[in-house]
Amino acid sequence: MCGIIGYTGKKNATQVLVKGLSRLEYRGYDSAGVAVIRDQELVIRKKKGKLSVLRDDLKKDPIQGKTGIGHTRWATHGVPNDVNAHPHYDHKEKIAIVHNGIIENYLDLKKMLERKGYKFVSETDSEAIAHLISSNYKGDLRKAVQDSAKQMEGSYSIAAVHKGEPGRIVGMRNDSPLIIGIGEGENFIASDIPAVLDYTKKVVYLDNKEIVDLNEKTVLVYGPNGRKKKKKEVEIKWDISQAEKNGFRHFMLKEIFEQPEVIKNILEERIEKENVKFDELKITKNQLKKTKKIAIVACGTAYHAGLTAQYAIEEVAKVPVWVDTSSEFRYRDPLVDKETLVIVVSQSGETADTLAALREAREKGAKVLAICNVLGSSIAREADGVIYTHAGPEIAVASTKAYTAQLVVLYLFAYYLASARGSKKNSGFIKEIKSLPAAAKKLLDQYSSKRNKIAKYASEFHEYYLARNNKSCFLYLGRNVNYPNAIEGALKLKEISYISAEGYPAGEMKHGPIALIDENPWVVCIAVKGATYEKMLSNIQEIKARGGIIIAIATEGDAKLKKSKVEYVIETPRIKELFSPAIVVIPLQLLAYYVAAEFGYDIDQPRNLAKSVTVE
Ligand code: AGP
């Protein structure tokens, strides 16, 4: 996934583009570039590496101009280097484009264009778009882009400029997000809202196959048939400070500490006395009554939220649930029909596999409910119904507050579904779920100082790891509602510290993984009080007996666990077991964070990853 931006107005375009790209870096950061129209010339500057490399280069040798486009890349075709970085010229260097997505038929286009004498210089699929627009250009950039769209297959959001049309930017999207920022005497185009929020809160969401033609004064949107379309302007409710670190060393740490507030806001917004409300849902209670089974479909951390929600929905609403990764669901010819509710969970609302799974489910007649964080995202707009988590922008690639927000929304949805199907109000459920924000805050208050217990454990692991020539790994074990947290904790650790880690249902230890246990793996055991607490204590003894080093996640005041002589204990406030995953995950997030910090890695932008995987 990449980030694209365009600007036209009275400001220094290069400065606006670089600032906007800094707000989009979470989408990809292996190279970056800008194209600016300067005195009828089209100047491109692009560099391998983080945005800071390009920024330093532009400081030394600035490009003055009022119109331009920019790009920060997550490589799909072609290694990260200066040539493969965007923007890309056409062969006459009159047109420049930036692209997010994959052009599935780019090899055919490339062959056709090379036969016409176009010379390719990069290994990317995106460069074909520049030459294709050039081959269709007859004096009107929008027309050329419109005609090129008919020849392109795959996912794309693009912005294009022509040196002979200063002040004009043409954009287009298909299955990759693109928004328009409406300014005063200036206009913007970008992959995501944070890129324009320093300048305007007024945005327009482009839909698939729509084309935008903008200059500093006007914004015109056209449908695929070339006819003008009226689009609604949306006022963004949050401000750019929420997309800044506000004194934290990393976005990830800031977002971990935002969780009590996020959970509190969700509960206040969604609970009215003993009722739960989802105004934006659109799927009626009557339709929910007819639901015979539920499939929850997602990727990564969102998938783990789905695994956790399965327990809650089955316990509270008594509807059978199965959970699938989007990439598996979409290719298995899933047994879903009009009596199935498919819940797709996605923080970004742009994950390609989840979007495809949504379409597959709808084709089969299922009702699709999206649980998303990004307003107006593709998944939110294509689902039959949506519930927004309203966690605010999540910038760190490693998802934290979006995960707990998904859990809380899914807990509330379980209650909502139960009441839609005639269950009586359950004041115990409402009372208990309302205790989550205070429990999360009480836990986090113990870790607000830099030298806290979990940071100390991380530093001890780091020494242990180095003393064994960089050899060791982590095993995460959990049971029942906290089994998905074992996988989530392992994912957090590996995606930001690059250390091998595996999450496992503790009951499965004897069926193989216990062979791993010697003094090498560090074993995180989720042993909070609950239905399978005693079973976890036995697993802990089995690991101790084989020399394993244990970090136990415990319920505060658990003297019994302390007596089991585990090396490390992290206590968590007591909470109804069903809701405990929203609390238990917090120390797992902190452990991953502090281990990665010990290794000095780029926690917010880990290698090889991007915030939202908008390509397959
Ligand atoms: C989680 O920390 C990862 N960044 C990743 O697994 C992520 O959860 C996954 O790509 C799904 O993203 P989405 O929620 O935006 O669809």
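Residues numbered from 1 in each chain as written. Predicted model: local features only at pLDDT ≥ 70, side-chain atom pairs only at ≥ 80, totals over all residues. Heavy atoms only, no water.

Peer 1: Help me understand the nonpolar core in this model?
Peer 2: In a soluble, globular protein the nonpolar side chains are often hidden away together inside. Grouped together as the largest cluster of nonpolar side chains are 137 residues, with contacts concentrated most on Ile313, Ile343, Leu412, Phe413, Phe474 and Tyr476. Excluding residues that lie within four positions of it along the chain, leucine 412 makes contacts with Ile266, Leu267, Arg270, Ile271, Val276, Phe278, Phe429 and Ile433. (Core = buried A, V, L, I, M, F, W, Y, C linked by side-chain atoms within 4.5 Å. Buried < 20%, exposed > 50% of the residue type's maximum accessible area, 1.4 Å probe, protein only. Contact = heavy atoms within 4.5 Å.)

Peer 1: Whenever I open this one, the packing of aromatic side chains confuses me. Can you help?
Peer 2: Working definition: an aromatic ring pair is given by the centre-to-centre distance plus the angle between the planes. Evaluated as defined, the whole model comprises 21 aromatic pairs. With a centroid separation of 5.2 Å and an interplanar angle of 65°, the aromatic rings of phenylalanine 278 and tyrosine 416 are classed as edge-to-face. Here phenylalanine 278 is found in the loop between strand E17 (275-276) and helix H8 (285-289), whereas its partner tyrosine 416 is found in helix H13 (residues 401-420), with 138 residues between them in sequence. What makes phenylalanine 278 buried here is its relative accessible area of 5%. Here the aromatic residues Tyr457, Phe461, Tyr464, Tyr465, Phe474, Tyr476, Tyr498, Trp522, Tyr568, Phe599 and Tyr601 are joined through ring pairs into a cluster of three or more. Sitting over the ring of tyrosine 464, arginine 468 keeps its end group 3.8 Å from the ring centre. (Phe/Tyr/Trp six-rings, centres within 6.5 Å; stacked < 30°, edge-to-face > 60°. Helix = DSSP H or I, 4+ residues; strand = E, 2+ residues; numbered from the N terminus. Lys NZ or Arg CZ within 6 Å of the ring centre and 35° of its normal.)

Peer 1: How do you make sense of the sheet that holds strand E27 (residues 568-572) when you look at a structure like this?
Peer 2: Two modes of strand pairing occur in sheets, parallel and antiparallel, and in both the strands are linked by backbone hydrogen bonds. Strand order in the open sheet made by the five strands is E24-E23-E25-E26-E27, with parallel pairing throughout. Strands at the two margins of the open sheet, each flanked by one partner only, are strand E24 (501-505) and E27. For this sheet, the mean inter-axis angle between neighbouring strands, taken without regard to orientation, is 20°. Here strand E25 (residues 521-527) runs beside strand E26 (residues 549-555); their pairing, made up of six bridges, is parallel. If you follow cysteine 525 over to E26, its bridge partner there is alanine 552. The sheet strands contacting helix H17 (residues 483-497) are strand E23 (473-478), E24 and E25, and the helix crosses E24 at an angle near 180°. (Pairing = 2+ DSSP bridges. Axes fitted to C-alpha atoms, helices over the stretch in contact; angles between N-to-C directions.)

Peer 1: Even after reading the chapter, I still don't get the pairing of E26, so can you show me in this structure?
Peer 2: Every other side chain in a regular strand lies on the same face of the sheet, so the side chains alternate between the two faces. Counted residue by residue, E26 has seven buried out of seven residues, so it is predominantly covered. The handedness of the E25 to E26 crossover, carried by helix H18 (residues 533-544), is right-handed. Sheet topology note: the E26/E27 ladder contains five bridges and is parallel. Looking at the pairing, threonine 555 lines up with threonine 572 of E27. (Right-handed = clockwise from strand over helix to strand, strands pointing away.)

Peer 1: What is the right way to look at the site of the ligand in this model?
Peer 2: Lining the immediate surroundings of the ligand are 14 residues, of which Ser346, Gln347, Ser348, Thr351 and Glu495 lie closest. A distance of 2.7 Å separates an oxygen atom of the ligand from a polar side-chain atom of serine 348. Notes on the ligand: free accessible area 410 Å², of which the protein chains cover 90%. Mapped onto the shell around the ligand, the elements with two or more residues apiece are helix H9 (300-317) and H17. Looking at side-chain class alone, the shell around the ligand contains five nonpolar, seven polar and two charged residues. (Near = heavy atom within 4 Å. Polar contact = N/O pair within 3.5 Å; in protein donor to acceptor, adjacent residues only side chain to side chain. Areas by Shrake-Rupley, 256 points an atom, 1.4 Å probe, with all protein chains shown as cover. Nonpolar A, V, L, I, M, F, W, Y, C, P; charged D, E, K, R; others polar.)

Peer 1: Could you clarify how one ought to interpret the side chain of histidine 86 in this entry?
Peer 2: Take histidine 86: it is sitting in the loop between strand E4 (67-73) and strand E5 (88-89). Polar contacts involving the side chain of histidine 86 include one to the main-chain amide nitrogen of histidine 99, which spans 3.3 Å. Apart from residues no more than four positions distant in its own chain, histidine 86 is found in contact with Ala32, Gly33, Lys46, His71, Arg73, Val98, His99 and Ser126.

Peer 1: Quick question: what am I supposed to make of H13 here?
Peer 2: When the terminal C-alpha atoms of H13 are compared, their 28 Å separation across 20 residues agrees well with the 28 Å that a helix rising 1.5 Å per residue should span. Most of H13 is tucked away, with 19 of its 20 residues classed as buried. Glycine 422, located one to two residues past H13, shows a positive phi value of around 95°. (Expected span 1.5 Å × (residues − 1).)

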